[in-house]
There are 2 protein chains.
Amino acid sequence: MTTAQKPTKRGKMVNGFDPANTENLDPRARAFVERRARLLGPAYRLFYSNPVEFSRANGVFLYDSDGNEYLDAYNNVVSVGHCHPHVNAAIAKQMEVMCTHTRYMQDGILDFAETLLDTFETEIGHVMFTCTGSEANDLALRMAKHHTGNQGIIVTSEAYHGNSELTAGFSPSMGENSPLGTWVRLVPAPDTYRVETQNMGEWLAARVSEQIHDLHRRGQGLAAFVADSLFTSDGIFPQDPGVLKPALDLVRDAGGLFVADEVQCGFARTGTHMWGYQHHDVVPDIVSLGKPMGNGYPVAGIAVRPEVAERFGHDTRYFNTFGGNTVAMAAAKATLEVIQDENLQENCDHVGRIMLDGLRDIATRHESIGDVRGTGLYMGVEMVQDRATKTPDSRSALSLVNELREQRILISATSFNANVLKIRPHLTFDKGHADRFLTGFEKALKAVS
Amino acid sequence: MTTAQKPTKRGKMVNGFDPANTENLDPRARAFVERRARLLGPAYRLFYSNPVEFSRANGVFLYDSDGNEYLDAYNNVVSVGHCHPHVNAAIAKQMEVMCTHTRYMQDGILDFAETLLDTFETEIGHVMFTCTGSEANDLALRMAKHHTGNQGIIVTSEAYHGNSELTAGFSPSMGENSPLGTWVRLVPAPDTYRVETQNMGEWLAARVSEQIHDLHRRGQGLAAFVADSLFTSDGIFPQDPGVLKPALDLVRDAGGLFVADEVQCGFARTGTHMWGYQHHDVVPDIVSLGKPMGNGYPVAGIAVRPEVAERFGHDTRYFNTFGGNTVAMAAAKATLEVIQDENLQENCDHVGRIMLDGLRDIATRHESIGDVRGTGLYMGVEMVQDRATKTPDSRSALSLVNELREQRILISATSFNANVLKIRPHLTFDKGHADRFLTGFEKALKAVS
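Cut-off values and rules
Residues numbered from 1 in each chain as written. Chains lettered and ligands numbered in written order. Predicted model: local features only at pLDDT ≥ 70, side-chain atom pairs only at ≥ 80, totals over all residues. Heavy atoms only, no water. UniProt positions renumbered as here; feature names shortened; annotations may be inferred. Phe/Tyr/Trp six-rings, centres within 6.5 Å; stacked < 30°, edge-to-face > 60°. Buried < 20%, exposed > 50% of the residue type's maximum accessible area, 1.4 Å probe, protein only. Helix = DSSP H or I, 4+ residues; strand = E, 2+ residues; numbered from the N terminus. Lys NZ or Arg CZ within 6 Å of the ring centre and 35° of its normal. Least-squares fit on C-alpha atoms with pLDDT ≥ 70 in both. Contact = heavy atoms within 4.5 Å. Pairing = 2+ DSSP bridges. Axes fitted to C-alpha atoms, helices over the stretch in contact; angles between N-to-C directions. Expected span 1.5 Å × (residues − 1). Core = buried A, V, L, I, M, F, W, Y, C linked by side-chain atoms within 4.5 Å.

Chain A appears in an unreviewed UniProt entry as 4-aminobutyrate aminotransferase from Ruegeria halocynthiae. For the record of chain A, the UniProt heading Cofactor (unreviewed entry) holds the text "pyridoxal 5'-phosphate". UniProt, in its Sequence similarities (unreviewed entry) section for chain A, records the words "Belongs to the class-III pyridoxal-phosphate-dependent aminotransferase family."

Given below as structure tokens:
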């Protein structure tokens, strides 16, 4: 087996298991980890310094093989709850009828496309379906480059947009050994905790402007500014309305498009809106969709202004074998029905406020918490060594993630220093779950301090 | 709606519906086509000049809304048969238990990985899971470039390897408006019908050698030679054993890898072997897997020599959210069980010979057939204007595909001129289905001649 991996000091995987340290594992876990490395190789990383094995799941809970219950506060895939009966029934039913691609006429894909498009502004008139968020962003940027004839892409400095060659090329959070494209320019995220400005919109626009000029100077031009409107990989920064608009005006003046990456914050999670960008009074040119779209079924896609899709659609013969298949459409339709029928957007808003209030209350008693922020059921808690200097405390964040796992509560960490706890529970979290989380969270804080 | 699309004169979509020609459609179909263009845009193309709507499927058959039965001789996705009960039951059962990603410990993914690796040579020691064949090829080539430090990729002149920016960049069959990467070099496929040589292995090696030299001359180096060992997009050319080996020796001498794209011809379809490359007494560095892997569930992946995966795995933090999830593994495991338990590889060999013999017999009565070739249940019938000149007859191939659709038999066409009928039925085709196909095929030949 492979034991050469060095734990990184930064980035998304700081809370992962270090395969070089198997000595603390029990024999069964050690045998598992060795077998896993032998069969899957070094790319397959596990969460937690003490990896956990789950054997079943239901609602907001996962269960290990001894039947212990874990509160899942980190699930943006089966986001309407593990094993949701409505979604599972829809998938099973369609599998019994027919699973086929989009080269034949079917009403199902059109009915769902219409329902999905109803959640967007009228300018956004087409949807196209892929299987993963990476495929969605890859398609979005191929389209943006084809439409504009330009090459340049501007993203925030710790963004993550996918695992294909193109999308990894504009995912700086992938770290030191993953090369960025020569056509990529970075801007700092509008960090509401550290940036001192009276006008964050102008602050961001000034930085975007610099990069647009550099792209023009190098003859690359601007194809797109791509942003997750909650800046989740940068550290989770909800913004006041209007913060994006000045930057986007410059982007469009430069002939570029705005691609809203909603893979993380779309589908009602931010509480007050279905889509994260809708907090900002802007209409994107392309919206990419992914993770929670089929409650675990691999379905993703883009929503796009028709004029942007036109030339790409004619020129490229794009086809995605599994994308938009009949079962994928049944899964996505059922998931959206659950979000709408169970009022999960309102639930995110309501329970999110309870959780934010609870976290802010806890912060009054714990100096190690520098900042609490979030919207709906997407929250960040920034750990610092000192509130005055705001020095990031990666070690404390790592300890908390692992301590919470021992208390059977699942979260992770994000940002350049991985010192921002990433709390992202199911959209179906209720007040009882929130209370259980908050009690466990404060207990873990005490345990690690 | 969009009506600006011009039908292409060549390539994969020659048998597609032309949205500029809606006047021959019945009112329901016309309304459908218009609604589809309005919601999905111009990239969504339909098969056949008279598009067909299906409402259910079972085994090797699809059914339209009037209950008419269509023989599906073109399905490489639900390849063990539409709605196979064993696969559907496995998916439904796992969905009830748990759907989760690979960051937690699970035996399921390891058990399936072990079973899958048993079908490869011992040099191939790791598997990694994605959702689509495009993702698999994108990952394979990212890894090949990372491992070798080189940029160049050699493919055959009408190859198709995927729809991401990277894979579309080495998919010349995407046509005139889809740019190839500057790091791509093309070689002609070893066309057993037109190339006149006593030694196809040396013939191919000479062409690969030229491109290796050009890549070195431009300072790009060779990362990989990528080939579908049946050259399905080039026109379906089964080869004598040993044809690939001289070229691969050169590839490896140049520091490049061999990536076997088994998305089309893998999983027993070629009859005598589980994997297409195994006809050739070579062991690839990376094997990419896709379409039929989960009988419709979006699951794909790569199998790879451990030394090739090593550095990429450590350096890049590659993660695929849906790839290798518990339900995907249940689907893939059940599909492989069906292939093995129902002896489908032997069935492909047996029924494939019946179909090839039948097609060759038909060819004795029809001058328009220039060549019949294939292995297992992957067959090509090349239509020509004249057997002496071998001039491709695209029009005749197109007419046949559409005439067969009217007779409720589904196939398509491939190659640069789209004059090679692509016959690729379910692995479960039996002698009765083969006879029904052959009878319909000759009837269609008579109807269009």
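Student: Before we move on, can you summarise the packing of aromatic side chains with the specific residues and values?
Tutor: For the structure shown, the criterion picks out 23 aromatic pairs over all chains. Ring centres of Phe47(A) and Tyr48(A) lie 5.8 Å apart, and the angle between their planes is 55°; on these two criteria the pair is classed as tilted. The class for Tyr48(A) is buried, based on a relative accessible area of 0%. Their ring planes at 70° and their centres at 5.9 Å tell us that Phe47(B) and Tyr74(B) sit as a pair that is edge-to-face. Of this pair, Phe47(B) sits in the loop between helix 1 (27-40) and strand 1 (54-58) while Tyr74(B) sits in the loop between strand 3 (69-72) and helix 2 (85-97), placing them 27 residues apart in sequence. The pair Phe47(B) / Tyr74(B) is uniform in exposure class, with both members buried. Here the aromatic residues Phe47(A), Tyr48(A), Phe54(A), Tyr70(A), Tyr74(A) and Tyr104(B) are joined through ring pairs into a cluster of three or more. Arg103(B) extends its terminal NZ or CZ atom over the ring of Phe319(B), reaching a point 4.0 Å from the ring centre.

Student: Kindly report on the relation of the copies chain B and chain A, identifying the contributing residues and their values.
Tutor: Turning one copy of the chain about an axis and sliding it along that axis gives the other copy, so a rotation and a shift relate them. The operation relating chain B to chain A is a screw motion whose rotation component is 180°, with 0.0 Å of axial translation and a residual RMSD of 0.0 Å. On this basis, the relationship between the two copies can be described by a two-fold rotation axis. The fraction of interface residues of chain B whose copies in chain A are also interface residues reaches 100%, indicating that both copies meet through the same surface.

Student: Before we move on, could you go through the sheet that holds strand 11 (residues 369-375) of chain A and cite the residues and values that matter?
Tutor: Residues and elements named next belong to chain A. Pairing within the open sheet is antiparallel, and its four strands lie in the order 11-12-15-14. Edge positions in the sheet fall to strand 11 and strand 14 (412-414), since each of these pairs with one other strand and no more. Each neighbouring strand pair of the sheet contributes to a mean axis angle of 30°, computed without reference to strand direction. Its contacts with the sheet put helix 10 (residues 344-363) on strand 11, strand 12 (378-383) and strand 15 (420-423), and the angle it makes with strand 11 is roughly 175°.

Student: Break down helix 11 (residues 394-406) of chain A for me, citing the residues and quoting the values.
Tutor: All names here are of chain A. Compared with the 18 Å implied by 1.5 Å per residue over 13 residues, the 19 Å span of helix 11 between its first and last C-alpha is a close match. Those residues of helix 11 that sit buried are Ser-394, Ser-396, Ala-397, Leu-400, Val-401, Asn-402, Leu-404 and Arg-405. Considering only its buried residues, helix 11 is in contact with strand 3 (69-72), strand 12, strand 13 (409-410), strand 14, strand 15 and helix 12 (431-448).

Student: Summarise the nonpolar core; cite the residues concerned and give the values.
Tutor: Within the largest apolar cluster, 291 residues are counted, with the highest numbers of intra-cluster contacts made by Leu116(A), Phe437(A), Leu116(B) and Phe437(B). In this structure, Leu116(B) is in contact with Val127(B), Phe129(B), Phe267(B), Trp275(B), Leu289(B), Met293(B) and Leu336(B), ignoring residues within four places of it in sequence. Val77(A), Cys131(A), Cys131(B) and Phe322(B) belong to the second-largest nonpolar core, a separate cluster that totals six residues.

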